Amino acid sequence: MEYCAGFAVRWEPVVCGMWTLQIATVADLARHVDAARLLRDPAAPEPPYWAHLWPGSRALAAYLAENPEWASGRVLEAGCGLGLVAVLAARLGATSFAFDRDRHALAFSRLNAQRNQVPIHLFRADLCRLGLRTRFRLILAADVTYDPALQRALLDLAAESLEDGGRMLCAESVRTFDRAWLQEAVWRGLSVREQEREETEFGRPVRVRLIELVRPGASVE
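This one's a predicted model, so the numbers in the text were calculated from it and none came from an experiment.

> For this particular structure, what's the right way to read the sheet that holds strand β1 (residues 3–4)?
The strands that make up a sheet pair up through hydrogen bonds in the backbone, lying either parallel or antiparallel. Read across the sheet, 3 strands follow the order β1-β2-β3 without closing on themselves; strand pairing throughout is antiparallel. Each edge of the open sheet is held by one strand with a lone partner, namely β1 and β3 (19–26). By the bridge criterion, 2 bridges tie β1 to strand β2 (residues 7–16) in an arrangement that is antiparallel. Residue pairing in the sheet places C4 in a bridge with F7 of β2. Contacts from helix α3 (residues 84–91) reach β2 and β3 within the one sheet, and its direction differs from that of β3 by about 150°. Taken strand by strand, helix α4 (residues 103–115) contacts β1, β2 and β3, and its axis lies near 145° from that of β3.

This is the structure we're talking about:
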């Protein structure tokens, strides 16, 4: 059995358009989630949410595979988890950056980059306290909008770190976006487009919402 950061590894092939990536996931994830304690104890430790290959991540990877021209220049995945989207961006030719606040997530992302033979610049950071000095052509975030503070932080990131004409793509599969968040994006001068895609999770169809935020200067096709 292969291990990474103390977790047993299970390799999963993920098809993204014409590309198939090998992605390491946690083999025994259910063992690390104490659902009963989470329900009864507000102070229970947070499960390793980073270890799940979320439908939002799959949908974002599929969308990027359909639009490979976006994967040029500097691309950033925020809250990367297992790093699927960052790995695909690098495969498509981008200079790929990714961060997560959990060091175990970064270990898995590094392993996935190595397995797929692509370079990724990984760093540990909290979305709500970033302070980046680099600008990006494309910023990607999958299923990291479950808290209003994270939604505000994404808007700050778009305002401060997108190149002129750059895009931010956010995907969510748990219906956490609210209209006020999108209205604030417009107030900040960002163009907003929405669409839905369907992914499969545990054998069941899941609707994934994709939000595209465009910084002024972009040509929106």
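Resuming the write-up.
> So what exactly am I meant to see when it comes to the nonpolar core here?
Soluble, globular proteins show a tendency: their nonpolar side chains are buried together. Ranked by internal contacts, the top residues of the largest apolar core, which has 49 residues, are L64, L88 and F108. Only β2, β3, α2 (55–66), α3, α4, β7 (136–142), β8 (162–172) and β10 (204–214) provide two or more residues apiece to this core. A per-element tally of this core places α3 first, with 7 residues. Apart from residues no more than four positions distant in its own chain, L88 is found in contact with C16, W19, L21, A61, L64 and A65. Listed in part, the 25 residues of the second largest apolar core include A125, A141, L154 and C170.

> Can you walk me through helix α6 (residues 179–187) in this structure?
Residues spaced three or four apart along an α-helix point in a common direction, a consequence of the helix completing one turn every 3.6 residues. Of all the residues in α6, the buried ones are W181, L182 and A185. In an axial view of α6, the angular spread of the buried residues amounts to 95°, which keeps them on one side of the axis. Summarising the contacts, the buried residues of α6 are in contact with α5 (148–161), β8, β9 (191–201) and β10. Immediately downstream of α6, the backbone of G189 shows phi near 90°, a positive value.

> Would you mind showing me how to read the pairing of β8 here?
Looking along a regular strand, one sees the side chains alternate between the two faces of the sheet. The element β8 is extensively covered by neighbouring structure, given that 8 of its 11 residues are classed as buried. When β7 meets β8, the two strands line up parallel, connected through 6 bridges. Residue pairing for β8: A142 is matched across the bridge by A171. For the segment spanning β7, α5 and β8, crossover handedness is right-handed. Pairing geometry for β8 and β10, over 6 bridges, is antiparallel. Directly across from M168, in β10, lies its bridge partner L213.

> Quick question: what am I supposed to make of the packing of aromatic side chains here?
Geometry of an aromatic ring pair is reported as the spacing of the ring centres plus the angle between the planes. A complete count under the given rule lists 6 aromatic pairs for this structure. Ring centres 6.3 Å apart and planes at 70° place the aromatic pair F7 and F108 in the edge-to-face group. Placement of F7 in strand β2 and of F108 in helix α4 is noted, with a sequence separation of 101 residues between them. Of the two residues, F7 and F108, both sit in the buried class. Ring geometry for F97 against F136: centres 5.5 Å apart, planes inclined by 75°, an arrangement best described as edge-to-face. Note that F97 is positioned in strand β5 (residues 95–100) and F136 in strand β7, a separation of 39 residues in sequence.

> I'm lost on unusual backbone geometry in this one. Help?
Working note: non-glycine residues mostly have negative phi, and peptide bonds are mostly trans. With phi around 55°, A5 is a residue other than glycine that occupies positive phi space. Mapped onto the elements of the fold, A5 is located in the loop between β1 and β2. Looking at A5, the relative accessible area reads 36%, which means it is partly exposed. Although it is not a glycine, F202 sits at a positive phi angle of roughly 55°.

Conventions adopted
- Residues numbered from 1 in each chain as written.
- Predicted model: local features only at pLDDT ≥ 70, side-chain atom pairs only at ≥ 80, totals over all residues.
- Heavy atoms only, no water.
- Pairing = 2+ DSSP bridges.
- Helix = DSSP H or I, 4+ residues; strand = E, 2+ residues; numbered from the N terminus.
- Contact = heavy atoms within 4.5 Å.
- Axes fitted to C-alpha atoms, helices over the stretch in contact; angles between N-to-C directions.
- Core = buried A, V, L, I, M, F, W, Y, C linked by side-chain atoms within 4.5 Å.
- Buried < 20%, exposed > 50% of the residue type's maximum accessible area, 1.4 Å probe, protein only.
- Arc of directions from axis to C-beta.
- Right-handed = clockwise from strand over helix to strand, strands pointing away.
- Phe/Tyr/Trp six-rings, centres within 6.5 Å; stacked < 30°, edge-to-face > 60°.

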